[in-house]
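# Survey of secondary and tertiary structure
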Amino acid sequence: MSAVQRFSKEPGETVVLRANTKYSDKVGTLFYTSLRLVWVNQTQHEPTVQFRLPEIKSQFVSTPKSARALIRLFVKDSTVNSEALNEYIFEFIHPSKAREELNLFRDKIATIVEPVTSSTSTTTSPTSTSPNITSSTSSTTSTTTTTTTSSTSSKTTEKPAVPQNPYLSQLKQPTISEQQIKQRVTLLASNPELKEVFDSLVGKKVISETDFWESRKGLLKNDASRSDKQSIGMPSNLLSDVRPTTDSQSNQLKYRLTPTVIHQIFIQYPAVEKAYKANVPTKISEQDFWKKYIMSQHFHRNRGNQATAPSGDDDLFSRYDTDEWREIKILKRKIEDINPLLDISATEGEKEAGYGVIIDQSQNPDKLEKVLPLLRKFNRHSSLVLGATDISQQQEHQATKKTKYDNSDKYKLLEINKKILGEHIENKELENENTPQLPTLKILDQKRYFEGANAGGPSQFTMESKQQLTEMFQKQYSKLQQQGCSFSIVNQKPVTPVLSASNSNSSNVPLNPILQEIQSQSTGSAGTKTQSDEYNLKDGPFKTDFYHTFRTSNELLRHFWATTYTPGRGAPPTPQQIEKNTKLCDAISKHYDILENKKKSLISSNKNNQASLFLSILESLNKSIEKGNSTILSTSSSHKLG
Amino acid sequence: MKFYLEDLLVYFPYTYIYPEQYNYMLALKRSLDSGGPCILEMPSGTGKTVSLLSLISSYQVKHPTAKLIYCSRTVPEIEQATEEARRVIQYRNSELGDQAPKTLVMAMSSRRNLCVHPRVSEERDGKVVDSLCRDLTSTWVRENNNAEKCTYFEKFEEQGKDILLEGVYSLDDLKEYGIKSGLCPYFLSRRILDFANIVIFSYQYMLDPKIASLISGSFPTNSIVVFDEAHNIDNVCINSLSLNFDNKLLDNSLKSINKMKQKIDTMKKEDVDRLTREYTSLVEGLARSGVRRADEISGDPVLPQDVIKEAVPGNIRKAEHFLNLLKRLVEYLRNRLKPNLVLSETPLVFLQSLYHSTQITSRTLRFCSQRLSSLIRTLRLSDLNQFSAVSLIADFATLVGTYTTGFLIIIEPFYQARVGHQIEPIFQFSCLDASIGMKPIFDRYRSVIITSGTLSPIDIYTKILKFRPTVIERLNMTLSRSCICPCILTRGSDQISISTKFDVRTDTAVVRNFGSLLVEVSSVVPDGIICFFTSYSYMEQIVSVWNEMGLLNNILTNKLIFVETADAAESALALQNYKKACDNGRGAVLLSVARGKVSEGIDFDQQYGRCVILYGIPYINTESRVLRARLEYLRDNMQIRENEFLTFDAMRTASQCVGRVIRGKTDYGIMIFADKRYNRLDKRNKLPQWILQFVQPQHLNLSTDMAINLSRNFLREMGQPYTRESQLGKSLWSIEHIEKQATSKPPSSATTTTTTTNGHSLNNNHNDTSPDINMNDK
């Protein structure tokens, strides 16, 4: 490995990229070859730094905004047999193209950082790395890969008979870009079910990562075409309206105030927030404060049941309470930025008080006065959820008068108004061209949206459970996002055309097509039953476990049947396909055994109904095992014949 | 496209047309030809305004002197109509090219909506804006060099006289022009009003004599007057001739009288001349003459033909004498306004007893209004807001002195929230006969067009407005699919019948059923739902009970809730947020009141209104004495039975409410009439024909669950793609369909008709316009 003239190349090594860089304040050239990364000092002709590509564990690049174009590499120390990582920082110093060069290097390295190698032997790299999902925070501009454990599954690993040109193999093997990786990561993060399946199959090396994603092309495509994801706002429910739960035994009322609820209370009732800030914890404890709050009239007055409200002293809150919410007219000034189609206040100036007849006293809006705070509460809450301007903001806005409208603002408002009006009056139905501009649907959790509605209306979900679901989902979602999960992703040999054709379109809603597949493969499967049962099963460890099993089985079956060759149909299988098929068959029989055990243990604990849920899955697994065995027999026999 | 309608070439700014639009224009055209009033009902959302403006603007090409006076109810509607006019005129003029007549289309509104003065325009109360404006613009203020002036008005005074605008000016355009040119848009609009070919403003400018005498008094008699959304026109007429006051107002007017007295005293010391000058001009009978626009106060509260054109009688020519008389009148009124008293009497009886106790004659009373405005000007009072109370009393004096029949005085207790929740007596001077206000319009103008989406039954309108229309037309809705799903809901899911009848409306079962209806509907209907309650007080009751039941929180899991409140600005914001919620997919429920501000003039097209629920029949409270008096009057003088009128009034309000959801033919919506009384034929039949055509037997007598099922199926059906091809020829016409109509054959004078392969363009000669206009439709 000693270097000569520039630097000596190993057999078959070619230089892919080169760039002028600085390394520990010395100027030199960085080479990216098909095998190694090499840095040569300007004054010398042998590499100062060099390491093999697979040794690079992660890379970081400076943000595009930063003045210097830096790349930082973490490289496994090949000399010491440990997990210790060496850090190298190179600065790209080309006067104009430094950033470009950096990006080229970054992209190249990215393809190896996501380990190039794996079980099925197309690369020359001797060790195979398995994908491993670990959650570590990554900065936005860099990709991280972490600990790779060299893995097992030796029986499937074969050394290629003919040594291949590594560069060629790289071409053959579609490298995935950083963007794709990001997309996969976010997709997994946003779809817990998918992640579960991914973890249990790809993580355990049953299915290769490429295959996994190859069968989900449609999902990836759909996901990519969605320009921006649905952002989840506040729940519509009125959380601040805490209702007690009664404890019949101890005759107590229990109120549950979570931080979210408290936050909402503060937003809805500014007086409470003021009181809280002034009194807690200097004057009274937090616990006492909320006790007082719940016993106060303030708490009860907007709930309409004045009769039940305790008549305790209310000084704590009423002091901070401005009674303006009871006033009919709150706004003193004109609202400027309002949709001209909706500005009903513009008309009120036309009619003078005192003129006209009062026909019906019940039509008098003044009658609303008693419930005004209640009505305003809803208007306020709803605009809060929407993040829209509500009356109190307008009021503040007018009170402070910070922003005076000058003429340019007025022009702008007039322009907007005109546009709104013009669009509104235009009758598109009578136009020659009428392509209605429909808003694009951005739904993250499609399953809940589409299948939830089919499952039978509101009675199925009680209010609490709906809320619980939403909360659960949000918690999960935000947790995953915080962790910013990133994975190393194995790139794998091109997938069989059969697989991509049969599955690329169907993977969007994972559950249903799978069910169909099973139904078509195994006669008389109880697939539909399982689906409708989804909403009847009680939440619990059994349900989660069952669903997980169900999904894993489906994934396995999907891949199995995609690689299975039926004589007389399609192209005969390649050795890789056969090998994969065998491997899957193996995994399926293992899975079958696990399920069988689960079923038996359920029956032994007298849970026959639950056990019966496994029947259909087992049946379809069995079918595939049978098929697998026969295929092995036939292929081996055909080999013998050949 | 453009096409012939009998002998008139009509410019219509779209490629396609609804058949009802064509028929509407035809009826309108015939009515313009024959002159006289006409009444046209056309389903809401089928492009009434654009048809009307297209036809009349095309008619104006032929008859250039005919001015169009287009009246609508609300400012948003005025703005929309102006935009429609912009489109129509743009298309017409682009087709006419050089031959296009110079046209000025303008909207008009109060100072509140036109002012651009940085400080004054911020005010939301129209009266405050008026009086602040007067503070800056009255002649006597401007004489003082140190006083603050409005630069926009000053510039208008300098240059405004020569400005003649052309084009289309909406309220916003006027404002923009005002800011850019530095000219006051309000006074500019007042000036150019007389030159405009199309004027768009609110009813008050035609029907309220106080304003009409200043604004529209000089319009030519061959003008075409259009009252759009005219289903409530009788109430507008009545309101513009009625007034009411209570003790507080009487107190205020006494205060202002005293203030004016002090003013007179100081003026006697400083500037006696001005008082004597006023006296002499009054002797000459010039109480209102020679007033500059900036100084004018509202005009006489009585109709033009009833204004006395004589010199003010001697006993009130002197300012102090007049104030003494007013004071005596106010004191007399205070004596009459006793708590816990219910009384109704005719103006004649009132005048008699007034004469007995104060010696004031009806003749003297008639002059009060003019005399007061003369005095206010002489005393140079610009803060008219302060003197609004005494002006009201003077107006009352003039009205009561002028009209003896068709009016009634009613004194009754009235709940006052503002004054410590007390029951205070209120004095109402009420007009009972809507035709009094309409008569001068019908008499004066050649064509008066009354049109709306809901004018059924038409014969009631002709009776209460006392006119004989030359053309009556009720148009159906042509549709290739049923886009309206009316549900007559008579009972809840528990089979308990629902109604807002007075004796059952507060029953828990009814309120609960109403609530669960909304919860269920909110779970099946996408996007926007609008609920109308019969009155504010009923909404108050219901909402607080629903809140106690926790029903509102159930609704919140499906949709957000917005409520119309008593404050218009607040409601406008709620509306804006409601639409936002519909746009972003959360969906929303709007709780609102029939006869409230939202029920008039706000469109809930497409996703903004997929369902409207009408809780109960919006009857007027029959306990109301004013209403009773009106009913008796209608029965005795117009042969309209009380129940007939009440049902008519309730059903027109109902159809207005539900009609808000259909704005076009691709639009669709569910209309839930939640009251068992709607199931009765006499009620149902009062709905407009275009709603009735969808009321099939399966839509009648439903319970909540049945209605939900019906809605579900309806929504599924409506969710299917709807193409133009399926509508063409049936509910949508292209130029070919029009040319097949017997009434659209080009006139015989046309020499050639060449049709190209497109079948769209033809060359044509026409008598009125220059030869060889290229008639390509777009």
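Just so it is clear, the structure is predicted and the values come from calculations on it, not from any experiment. (Residues numbered from 1 in each chain as written. Chains lettered and ligands numbered in written order. Predicted model: local features only at pLDDT ≥ 70, side-chain atom pairs only at ≥ 80, totals over all residues.)

## Here's the deal with the interface of chain A and chain B
Contact residues are listed per partner, giving 81 residues for chain A and 89 residues for chain B. When contributions to the side of chain A that touches chain B are tallied by element, the ones reaching two or more residues are α12 (345-348), α13 (372-386), α14 (391-400), α15 (407-425), α17 (457-460) and α18 (463-483) of chain A. For the side of chain A that touches chain B, the per-class residue count stands at 33 nonpolar, 26 polar and 22 charged. (Contact = placed C-beta atoms within 7 Å. Helix = DSSP H or I, 4+ residues; strand = E, 2+ residues; numbered from the N terminus. Nonpolar A, V, L, I, M, F, W, Y, C, P; charged D, E, K, R; others polar.)

## Examining the UniProt feature "domain: Helicase ATP-binding" (unreviewed entry) in chain B
When the UniProt feature table is mapped onto this chain numbering, "domain: Helicase ATP-binding" (unreviewed entry) sits at residues 7-278 of chain B. This span, residues 7-278 of chain B, is 56% helix and 13% strand, and a straight line between its end C-alpha atoms measures 57 Å. (UniProt positions renumbered as here; feature names shortened; annotations may be inferred.)

## Overview of the sheet that holds strand β15 (residues 484-491) of chain B
Pairing within the open sheet is parallel, and its seven strands lie in the order β17-β18-β16-β19-β20-β15-β21 (chain B). Edge positions in the sheet fall to β17 (560-563) and β21 (702-703) of chain B, since each has one partner strand and no second. Of the strands in this sheet, β17 and β18 (588-593) of chain B are in contact with α13 of chain A, which crosses β17 of chain B at around 130 degrees. (Pairing = 2+ DSSP bridges. Axes fitted to C-alpha atoms, helices over the stretch in contact; angles between N-to-C directions.)

## Points about the pairing of strand β3 (residues 36-41) of chain B
All names here are of chain B. Of all six residues making up β3, five are buried, and the element is well covered by its neighbours. Here β3 runs beside strand β14 (residues 471-474); their pairing, made up of four bridges, is parallel. In the sheet register, Ile39 faces β14, and the bridge partner there is Ile472. (Buried ≥ 20, exposed ≤ 12 C-beta atoms within 10 Å, placed from the backbone.)

## Side note on unusual backbone geometry
Residues and elements named next belong to chain B. In this structure, Pro457 follows Ser456 across a cis peptide bond, with omega equal to -10 degrees. Tracing the chain through its elements places Pro457 in the loop between β13 (447-452) and α21 (458-464). Despite not being glycine, Gln639 has its phi angle at roughly 55 degrees, a positive value. In this fold, Gln639 is placed in the loop between α26 (625-638) and α27 (642-659). Even without a glycine there, the phi angle at Asn701 is positive, about 50 degrees. Inspection of the secondary structure assignment puts Asn701 in the loop between α29 (689-692) and β21.

## Focus: the pairing of strand β4 (residues 68-72) of chain B
Residues and elements named next belong to chain B. Counting buried positions along β4 gives five out of five residues, so the element sits mostly inside the fold. Side chains Leu68, Tyr70 and Ser72 project from β4 onto one buried face, and the interleaved Ile69 and Cys71 project onto a second face that is buried too. Across five bridges, the pairing between β4 and strand β7 (residues 198-202) is parallel. The residue bridging Leu68 from the neighbouring strand is Ile198, located in β7. By the bridge criterion, four bridges tie β4 to strand β8 (residues 224-227) in an arrangement that is parallel. By the bridge assignment, Ile69 is partnered in β8 with Val225.

## With respect to the environment of Ser44 of chain B
Residues and elements named next belong to chain B. Note that Ser44 resides in the loop between β3 and α2 (48-62). Under the C-beta neighbour-count criterion, Ser44 is labelled buried, with 25 such atoms within 10 Å. Residues contacting Ser44, with those up to four places away along its chain left out, are Gly453, Gly659 and Ile662.

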